[in-house]
Amino acid sequence: MYEPPQKSFKPAASKMSLVDILAQTLECLESLDDDYSAGRNELASLQTRLVTGQFRLAVLGQFKRGKSTLLNALLGDKLLPTDILPVTAIPTFIGAAENIDVSVDFEVETEPIKFVPSTDQSLADFLADYVTEEGNPNNHRRVKRVAIGHPAAMLKQGVLLIDTPGIGSTHKHNTEVAYQILPQCDAALFLVSPDPPITEIELDYLREIRQRLPQTFFILNKIDFLDDQERIASLKFLSDQLAPLCDGGPQVLAVSARKGLEARLSGDPVGWKTSGMEQVEQNLIDFFAREKQSTLQESLQRRTCDQLKSIEMQLQLSLSALMLPEAELKKRIEQFRQSIPDVEREQQAFEDVLSGDLKRVVERLNEEVKKVRAQAKEQIIGRLENLVQTVVDTEEMERLVREALIQDIPDFFAPAMRKVADIIQSEATELLTLHQQRTNRLIEQVRKIAAELFDIPYHAPAIGRSYAKFEISGWSNDLFISDMDPLGQRFSRKFFTHKFRRKRTVNRLREEGTKLLSQNVEQINWALRRGLDESFRQFGAELSEQLENTIIATRKAMEVALSKSESQSQETAGKEIKLKQTLGKLQKILKQLEE
């Protein structure tokens, strides 16, 4: 059964309800100009969510953990497309409806596409054209959102399920979307699976989830591939990894979403129970009954508080700038400008460190590739050497060596690629995360400088910025296996002695085997090096752009205040009064929210 967790954050009892707080805040901000439209829109969105009581539960995790299959099992329907390759590329929102239907909304001004399943086309086939990488690579259709209506009982409790793209795939935009979806969620089902065990990328993502969401459920999927001993070991390993991130021991449910879906579709209650999905469903039902409303309240309260503090600081900056004499305002704007070169020099130092870190990761890659080469030589060339020394007949030798290479090269290099990629990805992600944190501090430093110059309080955002992630470029799985003898053994047999043919064949097979080994080793090196170079280059450019945009936006806000001071001095007094009144009302509302 579901056991309510011990939470470190409890929404305090306030004199006003959150509904009233949002209503009063929006009324308070109505008189402000377009500079505050973004804040108003965000608060209006929070108000709508609170009034409707719609609870958003997202299924999150690394790619290919079985998120779509789990949702299909909970809904008892083959609704979402699944495949052996990374599938979900666009978030899919599933809400209550009397009958199954779907709406595809676009980023451009295009009418939404409506669809109802029929005998001609299933919903999963239709969705594949819009939400998968195969049907909609890099979101070239510019899909903004896919909404599905479904009559499942769980959805009728005011729950909206969200299927999300997985992090860590070869498609970088999938990871970005997976992070961007977090502010729209109230709780999460976090999926992992045994192969591979939870990765550092997932732990980083989980830290972000735990910071943003008040409730997370942990699920170990694909247990049908484990025996009892392996299942126990996997659960213990997962609990040990999650414990530092959780308050108390984490509860992890072990399931086979695939078996659960099969049981639900065939009406097999025993199979549903043994799959572990019955326990997941019951835990969610208990949670929705006991804590859905309070968790939703807490989730929206966090976002409301963060938004109000941002608006408060914006008001204080505008008010302070308006109140200053024109000469003093110009002086402080100049002081801000003079402080920026120091920030930019520090950013340049960070970029130099980033360049050095790239060299260090490349050196680590070279070390790992060298190990792979040595292991491949021992295993693959070792077996080849055994064959050429023990097989007398040259035609038989040719056949056996070819068969051995056809088997050994994929068997060795496919896992070798994954192993080296995991090592390099983990090391690169750790370094890039540190650089993102440093840049975040510089961005906050710019804001603090502005706050200090205009004598206003500074509030750091309660919800942190998502860290950029290192992504590996895709590589080809077509391993190099060549035709071993261009002349052919039958032709050679007619013109050469057995001794000569054997010597010639042995030398050629050794040469070809070594060549194939080198080609496949270099494929690993080339693919990962390309991914490192591109990711570090793009990462550095994005960090510079983040800092530059912050500086420009802050400077622009000051210069707007200056232009109003110079050209509209007669209106300054009235504007000052309006800003003071709005700020006073907002601060009273914030006090109510935080009490």
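For the structure, check the block above.
Residues numbered from 1 in each chain as written. Predicted model: local features only at pLDDT ≥ 70, side-chain atom pairs only at ≥ 80, totals over all residues. Heavy atoms only, no water.

## Remarks on the side chain of Lys-67
Here is the rule: Under the scheme used here, helices are H or I runs from DSSP no shorter than 4 residues and strands are E runs no shorter than 2 residues, and both carry numbers assigned from the N terminus. Relative accessibility decides the category of a residue: with a 1.4 Å probe and only protein chains considered, values under 20% of the type maximum give buried, values over 50% give exposed, and everything between is partly exposed. The convention is simple: Lys and Arg are positive, Asp and Glu are negative, and His and the chain ends are not counted. Counted as salt bridges are all cases of a side-chain nitrogen of Lys or Arg within 4 Å of a carboxyl oxygen of Asp or Glu. The contact definition used throughout considers only heavy atoms, calling two residues in contact when any of these lie within 4.5 Å.
By the element assignment, Lys-67 lies in helix 3 (residues 67-75). Buried within the structure, Lys-67 lacks any salt-bridge partner; Asp-163 is the closest side chain of opposite charge, at an N-O distance of 6.1 Å. Leave out the neighbours within four places in its chain, and Lys-67 touches Val-59, Leu-60, Gly-61, Gln-62, Asp-163, Thr-164, Pro-165, Gly-166 and Leu-191.

## Re unusual backbone geometry
The phi angle at Lys-222 is positive, at roughly 65 degrees, despite the residue not being glycine. Turning to its location among the elements, Lys-222 is positioned in the loop between strand 8 (215-220) and helix 7 (228-242).

## Some thoughts on helix 8 (residues 257-266)
To keep it simple, the criterion reads: This arc describes the spread of directions from the helix axis toward the C-beta atoms.
Looking at helix 8, one finds that the buried residues are Ala-257, Gly-260, Leu-261 and Ala-263. Buried residues of helix 8 fall within an arc of 165 degrees about the axis and therefore sit on the same side. Count one or two residues on from helix 8 and you reach Gly-267, which has phi positive near 70 degrees.

## Comments concerning helix 13 (residues 394-453)
The α-helix winds at 3.6 residues per turn, so residues separated by three or four positions along the chain end up facing the same way. The cut-off we apply is this: What a helix is expected to span follows from its residue count: subtract one and scale by 1.5 Å. Between N or O atoms, a polar contact is any pair within 3.5 Å; within protein, one atom must be a potential hydrogen donor and the other a potential acceptor, and residues adjacent in sequence are included only when both atoms are from side chains.
Given a rise of 1.5 Å per residue, 60 residues ought to cover 88 Å, and the 85 Å separating the end C-alpha atoms of helix 13 matches this to within 8%. Between a side-chain oxygen at the N-terminus of helix 13 and the backbone nitrogen of Glu-396 the separation is 2.8 Å; the capping residue is Asp-393. One or two positions beyond helix 13, positive phi appears at Asp-455, with a value near 55 degrees.

## Quick notes on the sheet that holds strand 2 (residues 92-96)
Heads up, the rule is: When DSSP locates at least two bridges between a pair of strands, those strands are taken to pair. To get an axis, fit a line to the C-alpha atoms, keeping to the stretch in contact for a helix; angles then go from 0 to 180 degrees between the N-to-C directions.
Strand order across the open sheet formed by 9 strands is 4-3-5-2-6-1-7-8-9, with mixed pairing between neighbours. Each edge of the open sheet carries a strand with a single partner, namely strand 4 (113-115) and strand 9 (252-254). Strand after strand, the sheet turns through a mean of 20 degrees between neighbouring axes, direction not considered. Where strand 1 (residues 55-61) lies against strand 7 (residues 187-192), 5 bridges are found, and the strand directions are parallel. From the neighbouring strand, Leu-57 faces strand 7, where its bridge partner is Ala-187. This element, helix 7, spans strand 7, strand 8 and strand 9 of the sheet and lies at about 155 degrees to strand 9.

## Details of the pairing of strand 8
Heads up, the rule is: When the strands point away from the viewer and the path from the first strand over the helix to the second turns clockwise, the crossover is right-handed.
In terms of burial, strand 8 is largely enclosed, as 6 of its 6 residues are buried. Neither face of strand 8 is left uncovered, since the one carrying Gln-215, Phe-217 and Ile-219 and the one carrying Thr-216, Phe-218 and Leu-220 both have all their residues buried. Strand direction decides the pairing type here: strand 7 and strand 8, joined by 6 bridges, are parallel. Paired with Leu-191 across the two strands is Ile-219, which belongs to strand 8. Following the chain from strand 7 across helix 6 (residues 200-212) to the adjacent parallel strand 8, one finds a crossover that is right-handed. Relative to strand 9, strand 8 runs parallel, the two being bridged by 3 bridges. Note on strand 9: the bridge partner recorded for Phe-218 is Val-252.

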